[in-house]
Amino acid sequence: GNSVTQMEGPVTLSEEAFLTINCTYTATGYPSLFWYVQYPGEGLQLLLKATKADDKGSNKGFEATYRKETTSFHLEKGSVQVSDSAVYFCALKSTGSWGKLQFGAGTQVVVTP
Amino acid sequence: DAGVIQSPRHEVTEMGQEVTLRCKPISGHNSLFWYRQTMMRGLELLIYFNNNVPIDDSGMPEDRFSAKMPNASFSTLKIQPSEPRDSAVYFCASSLDREVNTGELFFGEGSRLTVL
């Protein structure tokens, strides 16, 4: 079956530091890949997505590249801010699965001033 | 624009009581999802509907859980009787699936359920 594995948190870093959150997946066919973000007390929001191999999703300074050869979709940001403190979820959607998403366990990121 | 609206935001109840969670999806969206989030199990898909029809309810834990979508603008998730292990945050999300490989979900703010 499909699965998503992401690095465990919490990840604690200082403001302006470089952030990487690793995500790898297992799926048949050509899934779409997503990063969602959950701020404290809120629901999940789509951060970025990529629908085919070598696509790069980007938003709010975050980037992730769909790497089919390594089945990865690592999230990066060059200079984090305190407001980026949140839980980040990697997710995939299989072809023809009616929008059903498979989420990873989530990675908590804490950015300190 | 209104997003996905869930109610109640918080619910505290005693074991054995019936709990009903409500969701109003974004107008025009044709898919609706109920997720449960716990520290131990993360985000689990319970059930999803497409055009008001349940497509996959394999994630529903047991017969105590039921979900309905009587029309395109309303869905309920009911737990009867509730148990302490049902304590979690329940999220409703909606989506518009024009294409097979687009799956952007719009989540509500969640209903935090505590069963004592």
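Refer to the preceding data block for the structure.
Each chain carries its own residue numbering, running from 1 in the written order of its sequence. Both sets of labels track the order of writing: A upward for chains, 1 upward for ligands. Selection of residues for local features in this predicted model requires a pLDDT of at least 70, selection of side-chain atom pairs for listing and counting requires 80 or more, and totals for whole chains, interfaces and linings are taken over all residues. As a convention, hydrogens and water are excluded, and side-chain values are obtained from all of the structure's heavy atoms.

## A short note on the overall build of chain B
Consideration 1: Looking only at helices and strands, chain B features 0 helices and 11 strands.
Consideration 2: The C-alpha atoms of chain B give a radius of gyration of 14 Å, which matches the 13 Å a tight globule of 116 residues would have.
Consideration 3: Expressed as lengths along the three principal axes of its C-alpha atoms, the size of chain B is roughly 40 × 30 × 25 Å.
Consideration 4: Using a 1.4 Å probe on the protein chains alone, a residue whose accessible area is under 20% of its type maximum counts as buried, one over 50% counts as exposed, and one in between counts as partly exposed. Across the 116 residues of chain B, 47% fall into the buried class.
Consideration 5: Taking the intrachain contacts of chain B between residues at least 6 apart in sequence as the baseline, contacts between residues at least 24 apart amount to 54%. Secondary structure counts use DSSP, requiring at least four H or I residues in a row for a helix and at least two E residues in a row for a strand, with both numbered from the N terminus. This radius of gyration counts C-alpha atoms alone. The globule rule is 2.2 Å times how many residues there are, raised to the power 0.38. Residue contacts are defined here by distance: any two heavy atoms, one from each residue, within 4.5 Å place the two residues in contact.

## Re the sheet that holds strand β3 (residues 19–21) of chain A
Residues and elements named next belong to chain A.
Consideration 1: In space, the 4 strands of this open sheet follow the order β3-β9-β8-β7, with antiparallel pairing throughout. Each of the sheet's edge strands pairs with one partner strand only, and the pair in question is β3 and β7 (56–59). Averaged over all neighbouring strand pairs, the angle between strand axes comes to 15°, with direction disregarded.
Consideration 2: The pairing of strand β8 (residues 62–65) with strand β9 (residues 75–77) spans 3 bridges and is classified as antiparallel. Counterpart to glutamate 63 in the pairing with β9 is glutamate 76. Two strands qualify as a pair provided DSSP detects at least 2 bridges between them. Inter-axis angles, ranging from 0 to 180 degrees, are taken between N-to-C directions of lines fitted to C-alpha atoms, where helices are fitted over the stretch in contact.

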